[in-house]
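Architecture and fold: a report
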Amino acid sequence: MLVLDDTLFLLLEGYGWLPGLLRRSHGPVAHTRLLGHRTVGLRGPEAARFFYDDDNVRRRTALPEPIRSTLVGRGAAHTLDGAGHRARKAMFLSLLTGVGVGSLAAHTGAAWDEAAGRWGAGRRRVVLFEQAAEVLTAGVCRWAGIPISDAEVPDLAADLTAMVDGFGGGPRHWRGRLARARREAWLADLVGDLRDGTGTAPAGSALDVVVNYRGAGGKPLDAGTAAVELLNIIRPTAAVAWYVTFAAHALHRWPEHRKALRDGDAAHTEAFAQEVRRFYPFAPFVGGIAARDLTWAGERIPEGTLVLLDVYGQNHDPELWAEPYTFNPGRFAGRELGPYELIPQGGGDPGTGHRCPGEQITLALLQALAVRLARLDYAVPDQDLTISLRRIPTRPASGFVLTVPQPTPAQPPASSLHG
């Protein structure tokens, strides 16, 4: 069977490419080629279970250059398999679960409150995507123990978002690549200062934990790899700006959800955050390499084949989600999710597999900032709020502009009005 290369169609169709390929295949597996490489696409909870089994699919050599050079960096935990991956992952889990979740959410909430005060005091026109990235960057650096002044936050936030924005390729890839190189060098210098005694890190902070981490044989990470992993803590936090902007888009289109958020309804807030992650597109798919000759649903997958798991298609699969293109947080009310159902940040057990260890952080930050967004007094001027499914990663075209009214000056007591 002749299989044509689909690289151009992926670039043209974006998020719709793999769902369309699977639909046209009339089966559970779609066969194609990308950049000349034999490729298969899979979708569904059982496919996710198959994909996240290290005996079936390995990630170490699977990450394409645009992702390795911008999003995750070389030598990162994402590029490891087996025991090495689990050991490095344990370091992330120690920081990004448990008490660390609430602490980071508190730091970020405080940074939002400070920024929102400035918006109302003078900066009336706000591009939410940019401001959310700065808030998240300030919050995560304070939490992580990374020394940075308020004046340095905007440039760092711009670099962190450029790294995320760059995994889609094109000119954005080169901006993201330069941003990562710049920030890896900055953090490697910081690690060097700590190790030679000219700098200090708060005890138990992310900076302290990464600098003092010992891997196989008790060896510390070299300064460059330590810098990569520090970026892989702060960069995903800044990436929550995408979800915060999507939350604003959802509140604009479906304002009936604002009251429950404003009132602090915890169950609705969590359901709202989950629905934002399901409904709005971020990663179109994830990929790995077949570790051996495999068979899935009766289809042969030779060793070395590129295996793609359809994230966007699964999160909009009508067999899993009733009316999947309707925004409905109620679908999560009382629903206990299986580990391979909702997969915007991967599937399986984050402790043993490749599911993102920062998923709890993402949910906590999105909930904290969605409530603050719902309580903020703002207007939405005319703008382009379209979300292109051809752009990866996508977001509202305008970045979601809002205007915040000036606070009303306090009036003197009535008894003093006439002297």
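Conventions and cut-offs
- Residues numbered from 1 in each chain as written.
- Predicted model: local features only at pLDDT ≥ 70, side-chain atom pairs only at ≥ 80, totals over all residues.
- Heavy atoms only, no water.
- Helix = DSSP H or I, 4+ residues; strand = E, 2+ residues; numbered from the N terminus.
- Expected span 1.5 Å × (residues − 1).
- Buried < 20%, exposed > 50% of the residue type's maximum accessible area, 1.4 Å probe, protein only.
- Salt bridge = Lys/Arg side-chain N within 4 Å of Asp/Glu carboxyl O.
- Pairing = 2+ DSSP bridges.
- 1 Å grid on protein atoms, 1.4 Å probe; cavity = no way out; pocket = protein on both sides within 12 Å on 5 of 7 lines; lining within 4 Å.
- Points joined across faces, edges and corners; volume = space filled by probe spheres on them.
- Nonpolar A, V, L, I, M, F, W, Y, C, P; charged D, E, K, R; others polar.
- Core = buried A, V, L, I, M, F, W, Y, C linked by side-chain atoms within 4.5 Å.
- Contact = heavy atoms within 4.5 Å.
- Polar contact = N/O pair within 3.5 Å; in protein donor to acceptor, adjacent residues only side chain to side chain.
- pLDDT = per-residue confidence, 0-100.
- Phe/Tyr/Trp six-rings, centres within 6.5 Å; stacked < 30°, edge-to-face > 60°.
- Lys NZ or Arg CZ within 6 Å of the ring centre and 35° of its normal.

Considerations on helix H15 (residues 359-375)
Look at H15: 25 Å from first C-alpha to last across 17 residues, which is about the 24 Å you get at 1.5 Å a residue. The buried fraction of H15 is high, at 13 of 17 residues.

Quick word on the pattern of salt bridges
Considering all chains together, one arrives at 15 salt bridges under this definition. Salt-bridge contacts for Glu114 lead to Arg142; the nearest nitrogen and oxygen are separated by 3.0 Å. Placement of the pair is Glu114 in helix H6 (residues 99-121) and Arg142 in helix H7 (residues 128-144), with a sequence separation of 28 residues. You can call Glu114 partly exposed: its relative accessible area is 40%. The partner of Arg172 in a salt bridge is Asp165, and the shortest N-O contact between them spans 3.3 Å.

With respect to the sheet that holds strand E5 (residues 285-290)
The 5 strands are arranged E1-E2-E8-E5-E3 in an open sheet whose pairing can be described as mixed. Both edges of this open sheet fall to strand E1 (29-34) and strand E3 (57-58), since each of them pairs with a single strand only. Two strands pair when backbone bridges link them, and E5 and strand E8 (residues 306-310) are joined in this way by 5 bridges, in the antiparallel orientation. Across the sheet, Phe285 pairs through a bridge with Asp310, a residue of E8.

Some words on empty space enclosed by the protein
In this structure the tally under the stated criterion is 1 cavity of 30 Å³ or more. Estimates place the volume of the largest cavity at around 60 Å³. What lines the largest cavity is simply Arg277, Arg278, Tyr280, Pro281, Phe282, Ala283, Val311, Tyr312, Asn315, His316 and Pro344. Secondary-structure elements contributing two or more residues to the lining of the largest cavity are helix H13 (266-279) and helix H14 (311-314). Residue composition of the lining of the largest cavity, grouped by class: 7 nonpolar, 2 polar and 2 charged.

Re the nonpolar core
If you look at the biggest cluster of nonpolar residues, it comprises 90 residues, and the most contacted ones within it are Trp112, Trp143, Phe272 and Val276. What Trp112 contacts, discounting residues up to four positions off in sequence, is Trp119, Leu128, Val135, Val244, Leu369, Arg372, Leu373 and Leu376. Membership of the second largest hydrophobic core comes to 19 residues, among which are Val40, Phe51, Trp296 and Val311.

Notes on the side chain of Thr161
Here Thr161 lies in helix H8 (residues 153-165). Looking at Thr161, its side chain comes within polar contact range of the main-chain oxygen of Ala158, at 3.1 Å. Excluding its chain neighbours within four sequence positions, the residues that come into contact with Thr161 are Phe129, Ala133 and Trp242.

Quick notes on the pairing of E8
Among the 5 residues of E8, 5 are classified as buried, and the element is accordingly described as predominantly covered. The alternating pattern of E8 places Leu306, Leu308 and Asp310 on one face and Val307 and Leu309 on the opposite face, and all of these are buried. Looking at chain direction, strand E2 (residues 37-42) and E8 are connected through 4 bridges and run parallel. Considered in E8, the bridge of Thr39 is made with Leu306.

Regarding the confidence of the model for the protein
The predicted coordinates should not be examined in detail at positions where pLDDT is low. Confidence along the protein averages 88 in pLDDT terms, with 88% of residues attaining 70 or more. Counted against residues more than four places away or in other chains, residues 414-419, with its pLDDT under 50, gives 1 contact.

Some words on the packing of aromatic side chains
Going through the model one piece at a time under the given rule, you end up with 16 aromatic pairs. Taking the centre distance of 5.7 Å and the plane angle of 50 degrees together, the rings of Trp321 and Phe332 count as tilted. Remark: Phe332 occurs in the loop between H14 and H15 and Trp321 occurs in the loop between H14 and H15; sequence separation between them is 11 residues. Taken together, Phe246, Trp254, Phe272, Phe279, Tyr280 and Phe327 form an aromatic cluster joined through their ring pairs. The lysine or arginine in question, Arg183, covers the ring of Trp186, its NZ or CZ lying 5.3 Å from the ring centre. Between the NZ or CZ atom of Arg395 and the centre of the ring of Phe129, over which it lies, the distance is 4.1 Å.

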